[in-house]
Amino acid sequence: MSELNVLVSSAGRRVILVDLFRRALRDLGLAGKVIATDMVRLSATFHHADLGLVVPRCTSDEFVPVMLELCRQHRVKLIIPTIDTELPIYAAHREEFRSEGIEVAVSSPEAVAIAGDKVNTHRWLTEAGLPTVRQTEPEELLAAPGSWRFPLIVKPRGGSLSQGVARVHDEAALRTATSAGGFIVQTIAPGHEFTIDALANRSGKCVCAVPRRRLEVRGGEISKGLTVRSEPLESLAQRACEALPGAYGGLNVQIFLDEASGELNIIEVNARFGGGFPLSCEAGANYPRWLIEELLGLPSTASATAWEGDRVMLRYDDAVFVSAEEAGLR
């Protein structure tokens with residue numbers, strides 16, 4: 001195959017991700033476009049991509065039929081999901097896409113369900129023997145408060161981008177923070193938090209895991225980060241990735257490491273590319289290229305070690321300028 005078109009779904013602000021797939025196609029000598037889809041034209045990536053297409057909301061009954069038709073029409077062979085809400089839909093229908101010769105870089109429905117609900121995540125971590133923090137639901141804690149020590153962390157069961165996450169210092173604060181329902185409570189893990197970008201091939205093997213430390217976060221997403229060589233973090237992320245049933249594509253594992261004691265705690269797993277993945281890619285973990293190589297049956301250049309530690313990312317704001325008509329406002 002000399003041409004391959006890639007589609008970045010729910011593209012939003014993922015401008016750099018589009019560029020990384022463009023570069024992978026170019027480096028492999030492949031012609032092709034990187035297409036972006038979104039619900040509206042008011043998306044930077046929609047206009048930065050080679051082609052932007054408006055599609056229904058991913059929870060709509062029309063979403064899968066529309067995406068299948070667009071992929072047929074534009075000869076798309078690889079879809080890259082980017083947001084949590086679309087993962088269950090793609091996972092449930094990935095065999096339907098595969099029957100049309102379209103690969104969706106998404107894990108199995110079971111793996112997506114584990115990663116998408118923090119109660120499921122904690123249960124799975126515990127059953128798999130992977131280190132994690134102590135966790136419960138607010139009602140259970142308040143029924144036996146003496147067995148817990150404040151401060152604690154509260155999080156929405158299915159939240160992302162750190163939305164709704166809070167530190168609480170007593171029972172009154174816990175009640176207030178969780179009054180809307182749908183929260184979990186965790187003990188605070190010691191040490192520093194790392195996000196480990198992992199790539200699972202179609203056999204579920206973790207081919208690479210790159211730890212990056214958050215130096216600064218804005219709006220729940222990393223704005224400054226540092227890649228860190230750490231065998232304990234890399235090994236634990238690999239174990240977690242390969243323990244997930246049917247893992248495939250880009251994933252990330254959030255782990256706290258207490259360097260003084262060596263204690264490790266997994267607090268979350270996300271079954272998609274993280275917002276800070278471009279740092280790992282620029283450090284040498286070329287997941288876009290490795291995904292395409294596997295898809296096309298090319299000799300793999302994937303390597304667990306071919307990336308650079310102490311690589312720093314300093315993100316900044318940029319803009320795409322279009323007419324009101326192009327943005328769908330006229």
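A. How the structure looks around the overall build of the protein chain. Along its length, the protein chain carries 11 helices and 15 strands. The globule rule puts the C-alpha radius of gyration for 330 residues at 20 Å, and the 20 Å found for the protein chain is close to it. Summarising its shape, the C-alpha atoms of the protein chain cover approximately 65 × 45 × 40 Å along the three principal directions. Of all intrachain contacts in the protein chain linking residues separated by at least 6 positions in sequence, the fraction that spans at least 24 positions is 64%. Of the roughly 15000 Å² of accessible surface on the protein chain, 49% is carried by carbon and sulfur atoms. For the protein chain, the distance from the average position of its 35 positive side-chain charges to the average position of its 42 negative side-chain charges is 2 Å.

B. Structural context of the layout of surface pockets. Space inside the second largest pocket adds up to approximately 200 Å³. Taken together, 17 residues make up the lining of the second largest pocket; nearest its centre are Asp84, Ala115, Gly116, Asp117 and Asn270. Counting residues per element, the ones that place at least two in the lining of the second largest pocket are α4 (87-98), α5 (109-116), α6 (118-127) and β14 (263-270). Among the elements that make up the lining of the second largest pocket, the one with the highest residue count is β14 (four residues).

C. Fine view of the sheet that holds strand β7 (residues 152-156). Strand order in the open sheet formed by four strands is β6-β9-β7-β8, with antiparallel pairing between adjacent strands. Each edge of the open sheet carries a strand with a single partner, namely β6 (135-136) and β8 (166-168).

D. Structural context of a nonpolar patch on the surface. A grouping of Met39, Val40, Leu42 and Leu329 is seen on the molecular surface, where their side chains present a nonpolar patch of about 380 Å² in accessible area. Note on placement: Leu42 falls in the loop between β2 (34-38) and α2 (44-48).

So, how was this worked out
Residues numbered from 1 in each chain as written. Predicted model: local features only at pLDDT ≥ 70, side-chain atom pairs only at ≥ 80, totals over all residues. Heavy atoms only, no water. Helix = DSSP H or I, 4+ residues; strand = E, 2+ residues; numbered from the N terminus. Rg over C-alpha atoms; globule rule 2.2 N^0.38 Å. Contact = heavy atoms within 4.5 Å. Areas by Shrake-Rupley, 256 points an atom, 1.4 Å probe, with all protein chains shown as cover. Lys, Arg positive; Asp, Glu negative; His and termini not counted. Charge placed at Lys NZ, Arg CZ, Asp CG, Glu CD. 1 Å grid on protein atoms, 1.4 Å probe; cavity = no way out; pocket = protein on both sides within 12 Å on 5 of 7 lines; lining within 4 Å. Points joined across faces, edges and corners; volume = space filled by probe spheres on them. Pairing = 2+ DSSP bridges. Patch = residues over 30% accessible without salt bridge, like charges linked within 9 Å, V, L, I, M, F, W, Y side chains within 5 Å. Salt bridge = Lys/Arg side-chain N within 4 Å of Asp/Glu carboxyl O.

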